[in-house]
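Spelled out from the first residue to the last, the chains are:
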Amino acid sequence: VPEGLPLSVTIALAYSVGKMKEENNLVRYLQACETMGGADNICSDKTGTLTKNLMTVTRIFVEEKIHDTIAREIMSENTCRLLSLGICNNSNANPKFVQDKGSALRIEQIGNKTECALLEVAYRMGYDFEKFRNRDRIKKILPFSSEKKKMATVYEDEKGKIYVFVKGAPDFMIPACTHFVNQDAGISKITEDYLSHFNEAIDNFAQGSLRTLCLAYKEVKTVPEDWSQVENNLVILTLVGIKDPLRDGIKEAVGLCHEGGVTVRMVTGDNKMTAIAIAKEAGILAEDWVPSEGDYTVMEGKDFREFVGGLVNEGTEEEPDESVGNIENFKLVRDQLRVLARSSPDDKYLITTGLKKLDHVVAMTGDGTNDAPALKKADIGFAMGIAGTEVAKEASGIILLDDNFCSIVTAMKWGRNIFDSIRKFLQFQLTVNFVALVMAFVGGAILRESPLNPIQMLWVNLIMDTLASLALATEPPSDELLKRKPYSKREGLITAQMWKFLISQGIVQIVILGTILFKGTLLLM
């Protein structure tokens, strides 16, 4: 019996946990790092994980024109005022702007990065949010909803006029809009021609890997109470394109995952065009990929939920057994899906449930409170150490201290190394135990006494269990570990190849020790 196995496993896990922390992986449970070694699916967020989460507005569609520069001169004074007031008050971020003489504007983004990018726009227009964000004049806030993909604030200006400022995803905003600010700074009714130009601008921004955000407003007589009173008769102010650059080394990290038999899927709230552009940059999609009939490589959350039949419970309330409604359709998605756009936290939970039902080991990333169920459901949940909420961190197994996808690959490498270290120790321990057992039995049967007395046997065990554990459990991982497929969930600790080595090495040692035991006197004379 390899009684040193618990010691070896504990040392391997504890040593790896310490080393992983040095590489920006804070492990909350010892078993989490070993589980990551068997992961064959990684479902990753885009913003902050694949990208740097340092957002900047680089393009804007306002008064029916696209501009690549952000300046006060590109729009009328009234549009500029409404846009900037809306940005300043319909946000909670608190970035720091430092404008030194003769130097460029320096920005420290504190809070939601998207809001920081918008507040920079207002600042460049001459509206510093610290002066124009007036909490006393804010009458109501409808916080961002992952279901509605928008946020609203009701604001009363100095003249007593009440405005509703709304920002959100363009495709979720358009149904609620009836007018737009035209090129003459007036208000016109939305026409098919304008919608065509608006959609062209969205596609233009998305093809440049820009996140698109629509800002709108309306003037009201009384303060609306809920979303039903807000989502109508809105006036489109502008469409902004926000650049969030890809993190360094992401393409190489995704390539290592593919080489190691791990499927990487990007789950994002962005629109399909933007998601595709980023996925191609990151190597999740091939550069020449184009959509085709019956292709499920890229899907939107709503279509995904309908296609796989949603979440169903095949068990009881006391013992739930969750699955997807249409498992055959989910198998098609499992084989093809790489990008899930316009997704919600429920989609993360759904895809995790389906993959686990098909015996996959799933790693999931998340940062928000709504991501907690999916993080807990996954075999290994990765929470963001910088942007993540406390609820998400509590639900996760590993916290990424740098919010970087590359750190997930590091965790995968260490996880595979732990499994290998345990196998090496087992092979060593079983071989020595097998030889010691045979020699003790043969010696006792033929010589009428064991060649090893109890004290010697304990000494051999002491050397094997401690020094071998330390040596084999603390071996650092190599990059070669990422060039093979992950271990199966049902794969045994001892493989057929290990049994061959164990038996052959054992026989060699028995022959040598037997020769010394029975012919040692003749050989040494």
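Everything below is about the structure shown above.
Residues numbered from 1 in each chain as written. Predicted model: local features only at pLDDT ≥ 70, side-chain atom pairs only at ≥ 80, totals over all residues. Heavy atoms only, no water.

Enquirer: Could you give an account of the overall build of the protein, naming the residues involved and the relevant values?
Expert: Along its length, the protein carries 18 helices and 21 strands. For the protein, whose C-alpha radius of gyration is 31 Å, the value lies well above the compact-globule estimate of 24 Å for 525 residues. Along the three orthogonal principal directions, the C-alpha set of the protein runs to about 110 × 55 × 45 Å. Counting over 525 residues, the protein shows a buried share of 50%. The contacts of the protein with a sequence gap of at least 6 include a subset with a gap of at least 24, amounting to 69%. In the structure as shown, the protein presents an accessible area of about 24900 Å², 55% of it carried by carbon and sulfur atoms. (Helix = DSSP H or I, 4+ residues; strand = E, 2+ residues; numbered from the N terminus. Rg over C-alpha atoms; globule rule 2.2 N^0.38 Å. Buried < 20%, exposed > 50% of the residue type's maximum accessible area, 1.4 Å probe, protein only. Contact = heavy atoms within 4.5 Å. Areas by Shrake-Rupley, 256 points an atom, 1.4 Å probe, with all protein chains shown as cover.)

Enquirer: Residues and numbers for the pairing of strand 19 (residues 362-366), please.
Expert: With five of its five residues buried, strand 19 lies for the most part within the structure. Side chains Val362, Met364 and Gly366 of strand 19 all project onto a buried face; the interleaved residues Ala363 and Thr365 project onto the opposite face, where all are buried too. Sheet topology note: the strand 2 (residues 41-44)/strand 19 ladder contains three bridges and is parallel. By the bridge assignment, Asn41 is partnered in strand 19 with Val362. In terms of strand pairing, strand 19 meets strand 20 (residues 380-384) through four bridges, oriented parallel. By the bridge assignment, Ala363 is partnered in strand 20 with Ile380. (Pairing = 2+ DSSP bridges.)

Enquirer: Can you tell me about the packing of helix 11 (residues 301-308) against helix 12 (residues 327-336), naming the residues and giving the values?
Expert: Helix 12 packs onto helix 11 with a crossing angle of 135° between their chain directions and a minimal axis gap of 8 Å. On the basis of the axis angle, helix 11 is oblique to helix 12. Here helix 11 contributes Phe304, Phe307 and Val308 to the contact with helix 12, which in turn contributes Asn329, Phe330, Leu332 and Val333. The residue inventory of the contact of helix 11 with helix 12, partitioned by class, reads six nonpolar, one polar and no charged. (Axes fitted to C-alpha atoms, helices over the stretch in contact; angles between N-to-C directions. Parallel < 35°, antiparallel > 145°, perpendicular 65-115°, else oblique. Nonpolar A, V, L, I, M, F, W, Y, C, P; charged D, E, K, R; others polar.)

Enquirer: An account of the sheet that holds strand 1 (residues 25-27) is requested, with residue identities and associated values reported.
Expert: Here we have eight strands laid out as an open sheet, ordered 1-21-20-19-2-14-18-15, and mixed in their pairing. Each end of this open sheet is capped by a strand with a single partner; those strands are strand 1 and strand 15 (298-300). Mean inter-strand twist for the sheet, computed between neighbouring axes without regard to direction, equals 20°. Bridge count for strand 2 against strand 14 (residues 263-267) is four bridges, and the pairing is parallel. Bridging across to strand 14, Ser44 finds its partner in Met266. Seen against the sheet, helix 11 touches strand 15 and strand 18 (339-341) and runs at an angle of roughly 95° to strand 15.

Enquirer: Just give me the short version of the pattern of salt bridges, but keep the residues and values in it.
Expert: Under the definition given, this model contains 28 salt bridges. Residue Glu115 pairs with Lys167 through a salt bridge whose shortest N-O separation is 3.3 Å. Of this pair, Glu115 sits in helix 4 (residues 113-124) while Lys167 is found in strand 9 (residues 162-168), placing the two residues 52 residues apart along the sequence. Look at Lys167 and you get buried, because its relative accessible area is 9%. Salt bridges sharing partners connect three or more residues here, namely Asp45, Lys348 and Asp371. (Salt bridge = Lys/Arg side-chain N within 4 Å of Asp/Glu carboxyl O.)

Enquirer: Outline the packing of aromatic side chains, supporting the account with residue identities and numerical values.
Expert: When we look at a pair of aromatic rings, we describe it by the centre distance and by the angle of the planes. Summed over the entire model, instances satisfying the criterion amount to 13 aromatic pairs. On the numbers, 6.4 Å between centres and 75° between planes, the contact of Phe97 with Phe129 is edge-to-face. On the criterion of sequence distance, the pair formed by Phe97 in strand 5 (residues 96-98) and Phe129 in helix 5 (residues 129-132) is long-range, its members being 32 residues apart. Overall, Phe97 belongs to the buried group, its relative accessible area being 15%. Ring centres of Phe180 and Tyr194 lie 3.8 Å apart, and the angle between their planes is 10°; this geometry places the pair in the stacked category. With Phe180 in strand 10 (residues 177-181) and Tyr194 in helix 7 (residues 192-207), the pair connects residues that are 14 residues apart, well separated along the chain. For Phe180, a relative accessible area of 5% translates into the label buried. Residue Tyr194 is classed as buried on the basis of its relative accessible area of 5%. Positioned above the aromatic ring of Trp227 is the side chain of Lys150, whose terminal nitrogen or guanidinium carbon lies 5.9 Å from the ring centre. (Phe/Tyr/Trp six-rings, centres within 6.5 Å; stacked < 30°, edge-to-face > 60°. Lys NZ or Arg CZ within 6 Å of the ring centre and 35° of its normal.)

Enquirer: Go over helix 17 (residues 454-473), please, and point to the residues and values.
Expert: With 20 residues, helix 17 extends 27 Å between its outermost C-alpha atoms, agreeing within 8% with the 28 Å of an ideal straight helix rising 1.5 Å per residue. Listed as buried for helix 17 are Asn461, Met464, Asp465, Ala468, Ser469 and Ala473. Residues of helix 17 that are buried make contact with helix 1 (5-22) and helix 16 (405-447). (Expected span 1.5 Å × (residues − 1).)

Enquirer: Talk me through a nonpolar patch on the surface; I want residue IDs and the actual numbers.
Expert: A surface patch of nonpolar side chains, amounting to about 510 Å² of accessible area, comprises Trp459, Leu462, Ile463, Leu467 and Leu470. With respect to the helices and strands, the residue Trp459 is situated in helix 17. The exposure class assigned to Trp459 is exposed, which follows from its relative accessible area of 54%. (Patch = residues over 30% accessible without salt bridge, like charges linked within 9 Å, V, L, I, M, F, W, Y side chains within 5 Å.)

Enquirer: Quick one: what's the story with the side chain of Asp270, residue by residue and with numbers?
Expert: Note that Asp270 resides in the loop between strand 14 and helix 10 (272-282). With relative accessibility at 6%, the residue Asp270 sits in the buried group.

Enquirer: Tell me what's going on with helix 13 (residues 345-357), and back it up with residues and numbers.
Expert: In this model, helix 13 (13 residues) spans 19 Å end to end at C-alpha, consistent with the 18 Å of a helix rising 1.5 Å per residue. Most of helix 13 is tucked away, with ten of its 13 residues classed as buried. Those residues of helix 13 that sit buried are Pro345, Asp347, Lys348, Tyr349, Leu350, Ile351, Thr352, Thr353, Gly354 and Leu355.

The quantities given are spatial measurements derived from coordinates; they are silent on function.
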